[in-house]
Number of protein chains: 2
Amino acid sequence: MSRQTTPLGRPRDPELDEKLMTAALLEYAQLGWGAFTMQGVARRAGVGKSALYLRWANKEQLLLDSVESVALTLRVNVDTGSLTGDLTALATALLEHFLDPIGWATLRITIDVTADFTDLQPFQQRIVRSLRTAAAGAFTRAVERGEMSADTAHEPLIESLFGAVLMHTLSRTQDERDHARAYPGEHVGPLVDVIVRSARPTKK
Amino acid sequence: MSRQTTPLGRPRDPELDEKLMTAALLEYAQLGWGAFTMQGVARRAGVGKSALYLRWANKEQLLLDSVESVALTLRVNVDTGSLTGDLTALATALLEHFLDPIGWATLRITIDVTADFTDLQPFQQRIVRSLRTAAAGAFTRAVERGEMSADTAHEPLIESLFGAVLMHTLSRTQDERDHARAYPGEHVGPLVDVIVRSARPTKK
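Being a predicted model, the structure only gives us computed values, none of them experimental.

(A) Up close: the side chain of Asp65(B). As for its position among the elements, Asp65(B) is in helix 4 (residues 59–71). At a separation of 2.9 Å, a polar atom in the side chain of Asp65(B) contacts the side chain of Trp56(B).

Below is the structure:
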């Protein structure tokens, strides 16, 4: 996993970096911002606090890197040859993201940032940008194939599809979320259909 | 604001009840579950802890009542005569809900419940039920008017519209959210269009 950030000046150990960032996201997922501390992350990872502080100056930096490392894995841009296929790949990746404790933690961080009680605005922009980039290609190809007219706005379709997957995850019980993990296609299929039907060109 | 719950045995004071529940939601919005305490709520409301404990046995009960009192205000079921009009009323109410610190707190509680680190499942069910009930009437009337075919599934449309409004709120900066507060119609319009286009009957 490549990251652009530079740790604070000790030789890189990518495995340990990733272990610490995972611990940070899980700690956040459990406690939220109000009770999130470097001490807690160190305890969860089974390392001393100094191992954290050698890499990250403070908890904001640690969270920023951790979210970035997850956002990178969300860049799905598959050309399956149809709008339904492309959006299914995207929606499935997003569903799996929300069903994963790590992915869920990044959502909670976004929620906390939106509430404006923390000063972590870059998180929000990075996650949103990653989602938009992943969808833009699918719509561009759909216009080229005539599945969608060129003057259809992308942004509301993107918000509807990603929002639907999020709401689907939110409104399901634990058992239903286990089912979604095993059969993601059954869960995203009807949500993708809403978007494909909405995007189809109107017959004159 | 009427509630079904019975306080623990002192004469009702609806204004104080509501003040305490508002303080609870704001405290939660700021700190999340990990740092939420009865003590903190009492301090925020400017009362002694005993005023809280006379009404609610523990913080779970307090949160449950607080969320319920907000969920009641979300039951919008307006018959405007068109699917676009009905969904615009609904989506606007939901947008305003998410833009309000109190509404945002109930969303965060749902998110925390979904992460399964708290034992507050009833929250989730109540909020979701309130949203679904509000949308079902709009779709039923649309089918009667021929704006939508009877065999179109409601659930994916509901998830798409509510999810879109949520995602729209999440992906906007503070300035953009202020704009949405002043001109909600401009923000929900394109999202409602996605759903209305998707629901329209296919020409044979």
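Moving on from the model shown.
(B) Structural detail: the UniProt feature "DNA-binding region" (unreviewed entry) in chain A. Taking the numbering used here, the UniProt-annotated feature "DNA-binding region" (unreviewed entry) corresponds to residues 37–56 of chain A. Across residues 37–56 of chain A, the secondary structure splits into 65% helix and 0% strand, with the terminal C-alpha atoms separated by 13 Å.

(C) How the structure looks around the pattern of salt bridges. Within the structure shown, the criterion is met by 12 salt bridges over all chains. Here Asp17(A) ties to Arg55(A) by a salt bridge, and the two come within 2.9 Å at their closest N and O atoms. Taken as a pair, Asp17(A) in helix 1 (residues 14–31) and Arg55(A) in the loop between helix 3 (49–53) and helix 4 (59–71) lie far apart in primary sequence, 38 residues in all. Each member of the pair, Asp17(A) as well as Arg55(A), carries the same accessibility label: buried. In this structure, Arg181(B) engages Asp178(B) in a salt bridge whose closest nitrogen and oxygen atoms are separated by 2.7 Å. Here Arg181(B) and its partner Asp178(B) are both found in helix 9 (residues 174–182), 3 residues apart, which amounts to about one turn of the helix. Given the relative accessible area of 40%, Arg181(B) is considered partly exposed. When its relative accessible area of 39% is taken as the criterion, Asp178(B) is described as partly exposed. Each of Asp79(A), Asp86(A) and Arg141(A) takes part in a single network of salt bridges with overlapping partners.

(D) How the structure looks around the interface of chain B and chain A. Between chain B and chain A, the contact holds 48 residues from the first and 48 residues from the second. Between chain B and chain A lies a buried interface of about 4,200 Å² when both sides are counted; carbon and sulfur atoms form 58% of it. Our count for the chain B to chain A interface comes out at 0 salt bridges. Our enumeration of links across chain B and chain A arrives at 7 residue pairs in polar contact (both at pLDDT 80 or more). For the side of chain B that touches chain A, the secondary-structure elements that each account for two or more residues are helix 1 (14–31), helix 6 (101–114), helix 7 (121–145), helix 8 (154–170), helix 9 and helix 10 (184–199) of chain B. Of all the elements, helix 8 of chain B adds the most residues to the side of chain B that touches chain A, at 13 residues. Broken down by class, the residue content of the side of chain B that touches chain A amounts to 21 nonpolar, 16 polar and 11 charged.

(E) Quick peek at the packing of helix 8 (residues 154–170) of chain A against helix 10 (residues 184–199) of chain A. Residue and element names in this part refer to chain A. Packing of helix 8 against helix 10 brings their axes to within 10 Å, and their N-to-C directions diverge by 160 degrees. Considered as vectors, helix 8 and helix 10 are oriented roughly antiparallel to each other. The chirality of how helix 8 crosses helix 10 is right-handed. Together, Leu-157, Ser-160, Leu-161, Ala-164, Val-165 and His-168 of helix 8 and His-187, Leu-191, Val-192, Ile-195, Ser-198 and Ala-199 of helix 10 make up the contact between the two elements.

(F) Spotlight on the relation of the copies chain B and chain A. With an axial shift of 0.0 Å and an RMSD of 0.0 Å, the rotation relating chain B to chain A amounts to 180 degrees. Considering both components of the superposition, the chain copies are consistent with a two-fold axis. Take the interface residues of chain B: 100% of them recur as interface residues in chain A, which is what a same-surface contact looks like.

(G) Looking closely at the nonpolar core. Ranked by internal contacts, the top residues of the largest apolar core, which has 68 residues, are Leu87(A), Phe139(A), Leu166(A), Leu87(B), Phe139(B) and Leu166(B). Ignoring anything within four residues of it in the chain, the contact list for Leu166(A) reads Phe98(A), Trp104(A), Leu107(A), Leu166(B), Met167(B) and Leu170(B). Phe36(B), Leu62(B), Val67(B) and Val70(B) belong to the second-largest nonpolar core, a separate cluster that totals 23 residues.

(H) How the structure looks around the packing of aromatic side chains. Residues and elements named next belong to chain B. Applying the stated rule across the entire model yields 2 aromatic pairs over all chains. Consider the rings of Tyr-28 and Phe-36, whose centres lie 5.7 Å apart with planes at 55 degrees: the pair is tilted. Just as Tyr-28 is buried, Phe-36 falls in that class too.

(I) Local environment of the confidence of the model for chain A. Overall, the prediction assigns chain A a mean pLDDT of 82, with 80% of residues at 70 or greater. Per-element confidence in chain A ranges from a low mean pLDDT of 74 for helix 6 (residues 101–114) of chain A to a high of 96 for helix 2 (residues 38–45) of chain A.

(J) Region of interest: helix 1 of chain B. Residue and element names in this part refer to chain B. With 18 residues, helix 1 ought to run about 26 Å at 1.5 Å a step, and its terminal C-alpha atoms sit 26 Å apart, in line with that. Among all positions of helix 1, only Leu-16, Asp-17, Leu-20, Met-21, Ala-23, Ala-24, Leu-25, Glu-27, Tyr-28 and Ala-29 are buried. In the stretch just after helix 1, Gly-32 is the one whose phi turns positive, near 75 degrees.

(K) View of the packing of helix 9 (residues 174–182) of chain A against helix 10 of chain A. All names here are of chain A. Contact geometry of helix 9 with helix 10 gives a least axis separation of 5 Å together with a crossing angle of 95 degrees. By the angle class used here, helix 9 and helix 10 are roughly perpendicular. Residues Glu-176, His-179, Ala-180, Arg-181 and Ala-182 of helix 9 pack against Pro-184, Glu-186 and His-187 of helix 10. When grouped by side-chain class, the residues that make up the contact of helix 9 with helix 10 number 3 nonpolar, 2 polar and 3 charged.

Cut-offs used in this document
- Residues numbered from 1 in each chain as written.
- Chains lettered and ligands numbered in written order.
- Predicted model: local features only at pLDDT ≥ 70, side-chain atom pairs only at ≥ 80, totals over all residues.
- Heavy atoms only, no water.
- Helix = DSSP H or I, 4+ residues; strand = E, 2+ residues; numbered from the N terminus.
- Polar contact = N/O pair within 3.5 Å; in protein donor to acceptor, adjacent residues only side chain to side chain.
- UniProt positions renumbered as here; feature names shortened; annotations may be inferred.
- Salt bridge = Lys/Arg side-chain N within 4 Å of Asp/Glu carboxyl O.
- Buried < 20%, exposed > 50% of the residue type's maximum accessible area, 1.4 Å probe, protein only.
- Contact = heavy atoms within 4.5 Å.
- Buried area = accessible area lost by both parts, 1.4 Å probe.
- Nonpolar A, V, L, I, M, F, W, Y, C, P; charged D, E, K, R; others polar.
- Axes fitted to C-alpha atoms, helices over the stretch in contact; angles between N-to-C directions.
- Parallel < 35°, antiparallel > 145°, perpendicular 65-115°, else oblique.
- Left-handed = near helix turned anticlockwise from the far one by under 90°.
- Least-squares fit on C-alpha atoms with pLDDT ≥ 70 in both.
- Core = buried A, V, L, I, M, F, W, Y, C linked by side-chain atoms within 4.5 Å.
- Phe/Tyr/Trp six-rings, centres within 6.5 Å; stacked < 30°, edge-to-face > 60°.
- pLDDT = per-residue confidence, 0-100.
- Expected span 1.5 Å × (residues − 1).

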